[in-house]
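Summary of the model geometry
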Amino acid sequence: MKKIIISTIAVSALLFTVTSCKTDFDTDVKDIQVSKGSADFSKYVALGNSLTSGYRDGALYIDGQNESYPSMIAQQMKLVGGGEFKQPLMGDNNGGLLLPLGGSATLQIQDTKLYIKGFVDGAPDIGPVNDNKAANLVTNFVKGPFNNMGVPGAKVAHLLAPKYGDVAGIATKTANPYFVRFASSPNASVIDDFVSQNPTFFSLWIGNNDALLYALAGADSSIETLTPPAQFKTYYDLLISKIEATKAKGVIANIPSVTSVPSLTTIPTNPLTSAVLGKGNVAAGEATIDDLNKNVYGPLSQILTALGAGDRIKPLSKTEANPLLIKDESIPNLGAQITAAAAGSGNPTLVMLSAYLGATYGQARQAKSGDLIPLTTKAAIGTLETLPPGIPASLGARGVAYPFADKYVLIPTEIKEINDAIDAYNVTIKAAATAKGYAFVDANAKLKQLAGNSGISWDGVRYTAKFVSGGAFSLDGVHLTGRGYGVIANEFITAINATYNSSLPLVDPNKYSGVTLP
C-alpha cells in the first residue's frame, strides 16, 4: 500500500489555489479575431510519447486521452479550418493492458490507473483502480489513421523503428503494446504511419523517455539506459528529415529537467521517523532505534570517523527525522578498511560480522540534500533484503539498516549526468527548430517555472509542481492532469501564433480536470 504524506491543508487546497487574477502566459488572444495566419491546420497530426497521448495517473484511459494537449490544440484549430482530430481511444477509464498468451490465458503487462482510495492519518492512500484488474487487450486493435500518434514509453529511436507495432515483438521489447493497438500493420513504424497521412501541420514532443526512464530507475543501467547525446542527435535529425519531407509546418518542444518532476522531488531524503522505523518487531525484521544504533549505526560511525569519513553515517535520532541509508558508487570504497577495523575491534559481534560489514557498507552513506528519491522508492523503505546465513534479519531492512541499491536513489553525480544529457538533447531540438523554421516550445523553462515557489497562474488559479496538491501533475508524479496539459497546450499555441502569425485562442486550463479526491 502506497501512502503519500501530504498535509490535509494542502489537500483541501487541491482543486483551486486562488491567487490574483494575473495570468502567466505571454500572449492571451481570446479577444482577438481568430486567424490561421500562414499555417494550414486542416490535417494536424501529433507525434510524441505518453505526454502527447494524454497518459496520466500511471495509465492510458479515455478521459485522459480526451484531455490530451494535442486534442485541446485541435479544438482551437477547428476555429480556423482545422479538421477532425481522431485518437486511438482505450476501451475504458481504468486503463491497463492484457497480453494474450494463447487460449484463454493472458498476462497483465500494464497496471490500471492510480486513484486516491481514501486517507490514512491525513495522508492519501494511493493505489490502482479496480484492484489492478485490466480489461484492455493489446490485440483490441483500433482502426486508424489517427491524428494523435503519442506512444507511451517511446524514445526518439522508437518512432523510426520498423515493426514497432508487431504484437510478436512485445515480449522481446522490440515493439510497443500501445502502438500495436493502432499501427497500420505489424511492419509499420510510427514515422511511416505519420508520413502516410500527408499532414499539413504537426507537433512533436519526444525525447523525455531517453532520459526520464533512466532517472526513474535510479540511473541503474542494468534496468534502463540513458541515450548518449550523439546518438540522440542522429535519431532526432533523421526523424526531422522525414517530417520535413511532408512539407508540413509545425511546432516542436524540448525536454524538461528531471528535477522538475514530482516523482523525483516529493519523497524527502529523511523520511525515517521513529514511527516509520517500527517498534522492534523482530519477526517482521524490525529493530528499534536503540538496536540500530547499537548494532549498525554506532559501530559504523566510530569506524568511519577513525577512517576520516565520519560524515557518511551518524547515529539515528529519536526526536528528529532520519535520512535514508543508501549506496553511493561515487565515493571511495572503504570496505576493506571497515572489515579490518571490525575484525580487530575485540567486539565478538563485530568480529563475526566483519566481512559482511565491509562488503555491505563500504560505499554506504546517509542520504543528504542533493540526492533525489523516486516516488516509487517509498514503498520499498523497510522491505527486507535477503541476507547471508547468520546475519540478523533486522539488518536487511532496505534504506534503514541495509543501504538502498542504485535503482532506489539518484545521487548528485547521476543527476548531473542526466541533466547534462538533457541539455545536449535540447541543443539538438532547438537547432532543428531554428534550421527548419518550426515553432519552438521551451517546455523545460515552463516546467521549471511550474516547479518554482510561485508556480503558474491562470485566471486566479495557481498551479505548481507539488505532488497531488499542486494541481498540475497526476498521481504518477510524472504525467500531467488535464489542467496541467492545458498549461502545456497554451505554450504550444503561443509558439504557433508567434511563428505563423496565427491567432488561435488559448485554452482555459481551469475547465479541465485535476486530481480527483474521494
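Everything that follows concerns the structure shown earlier in this document.
A short tour of the structure in this document, coming up. Keep in mind it's a predicted model, so treat the numbers as computed, not measured.

1. Things to note about the overall build of the chain
- When its secondary structure is counted, the chain shows 16 helices and 14 strands.
- Here the C-alpha radius of gyration of the chain, 25 Å, is about what a compact globule of 518 residues would show, namely 24 Å.
- Considering only C-alpha atoms, the chain reaches an extent of 85 × 55 × 45 Å along its principal axes.
- Within the chain, the fraction of its 518 residues that count as buried is 55%.

2. Brief notes about the nonpolar core
- Core analysis: the largest hydrophobic core is formed by 99 residues, its most contacted members being Leu204 and Tyr236.
- The element that contributes the greatest number of residues to this core is helix α16 (residues 482–500), accounting for nine residues.
- In this view, Leu204 contacts Leu47, Leu159, Tyr236, Leu239, Ile240, Ile243, Val251, Ile252 and Ala253; residues no more than four positions away in its chain are not counted.
- Counting residues in each nonpolar core, the second largest holds 48 residues, with Ile116, Leu304, Leu325 and Phe467 among its members.

3. Brief notes about the environment of Leu216
- Along the chain, Leu216 turns up in helix α7 (residues 208–216).
- Sequence separation of Leu216 and Leu372 is 156 residues, and the distance between their C-alpha atoms is 10.0 Å.
- Here Leu216 is in contact with Ser263, Leu264, Pro374, Lys407 and Val478, once residues within four sequence places are set aside.

4. With respect to helix α8 (residues 229–244)
- Helix length check: α8, at 16 residues, gives a terminal C-alpha distance of 22 Å against a target of 22 Å (1.5 Å per residue), a fit within 8%.
- Listed in full, the buried residues belonging to α8 are Phe232, Tyr236, Leu239, Ile240 and Ile243. Along α8, the residues classed as buried sweep out an arc of 100° about the axis, all on the same side. Projecting away from the buried face of α8 at angles above 90 degrees are the exposed residues Ala230 and Thr234.

5. Topic: the packing of α7 against helix α14 (residues 412–436)
- For the pair α7 and α14, the least separation of the axes is 10 Å and the interaxial angle reads 170°. Our classification of the angle between α7 and α14 gives roughly antiparallel. Where α7 approaches α14, its residues Asp210, Ala211, Tyr214 and Ala215 are matched on the opposing element by Glu417, Ile418, Ile422 and Tyr425.
- Of the residues contributing to the contact of α7 with α14, the split by class is six nonpolar, no polar and two charged.

6. Focus: helix α4 (residues 69–77)
- α4 sits mainly inside the fold: eight of its nine residues count as buried.
- Looking at the buried residues of α4, the elements they touch are β2 (44–48), α2 (50–53), α3 (62–66), β7 (148–150), β8 (201–205) and α16.

7. Considering the pairing of β8
- Burial analysis of β8 places five of its five residues in the buried class, the great majority of the element.
- Side chains of β8 alternate between two faces, with Phe201, Ser203 and Trp205 and Phe202 and Leu204 buried alike.
- Inspection of the sheet shows β2 paired to β8 by five bridges, in the parallel sense. Paired with Val45 across the bridge in β8 is Phe202.

8. Here's the deal with the packing of aromatic side chains
- Across all of its chains, the model carries 17 aromatic pairs by this definition.
- Arranged with centres 5.6 Å apart and planes meeting at 80°, the rings of Phe201 and Tyr500 form a pair that is edge-to-face. Here the residue Phe201 occupies a position in strand β8, and Tyr500 occupies one in helix α16, the gap between them amounting to 299 residues.
- Plain terms: the ring middles of Phe232 and Tyr425 are 4.1 Å apart, the flat faces sit at 15° to each other, and that makes the pair stacked. You can see Phe232 sitting in helix α8 and its partner Tyr425 sitting in helix α14, a full 193 residues away along the chain. For the pair Phe232 and Tyr425, a shared accessibility class is recorded, and that class is buried.
- Every member of this aromatic cluster is reached through a ring pair, and the members are Phe41, Tyr44, Phe85, Phe201 and Tyr500.
- Directly above the aromatic system of Tyr61 lies the positively charged group of Lys113, at a separation of 4.3 Å from the ring centroid.
- The ring centre of Phe440 lies 5.2 Å from the NZ or CZ of Lys430, which sits over that ring.

9. A look at the pattern of salt bridges
- Following the criterion strictly, the structure yields ten salt bridges and no others.
- For Arg56, the salt bridge goes to Glu67, with nearest N and O atoms at 2.8 Å. Placement of the pair is Arg56 in the loop between α2 and α3 and Glu67 in the loop between α3 and α4, with a sequence separation of eleven residues. The pair Arg56 / Glu67 is uniform in exposure class, with both members buried.
- When salt bridges that share partners are traced, they join Asp328, Arg365 and Asp371 into one network.

10. A short note on the pairing of β2
- In terms of burial, β2 is a largely internal element, five of the five residues being buried.
- In β2, alternate side chains face the same way, and those of Tyr44, Ala46 and Gly48 on one face and Val45 and Leu47 on the other are all buried.
- As paired strands, β2 and β7 are joined by three bridges and run parallel to one another. Bridging from a neighbouring strand, Ala46 pairs with Asn148 of β7.

Criteria and cut-off values
Residues numbered from 1 in each chain as written. Predicted model: local features only at pLDDT ≥ 70, side-chain atom pairs only at ≥ 80, totals over all residues. Heavy atoms only, no water. Helix = DSSP H or I, 4+ residues; strand = E, 2+ residues; numbered from the N terminus. Rg over C-alpha atoms; globule rule 2.2 N^0.38 Å. Buried < 20%, exposed > 50% of the residue type's maximum accessible area, 1.4 Å probe, protein only. Core = buried A, V, L, I, M, F, W, Y, C linked by side-chain atoms within 4.5 Å. Contact = heavy atoms within 4.5 Å. Expected span 1.5 Å × (residues − 1). Arc of directions from axis to C-beta. Axes fitted to C-alpha atoms, helices over the stretch in contact; angles between N-to-C directions. Parallel < 35°, antiparallel > 145°, perpendicular 65-115°, else oblique. Nonpolar A, V, L, I, M, F, W, Y, C, P; charged D, E, K, R; others polar. Pairing = 2+ DSSP bridges. Phe/Tyr/Trp six-rings, centres within 6.5 Å; stacked < 30°, edge-to-face > 60°. Lys NZ or Arg CZ within 6 Å of the ring centre and 35° of its normal. Salt bridge = Lys/Arg side-chain N within 4 Å of Asp/Glu carboxyl O.

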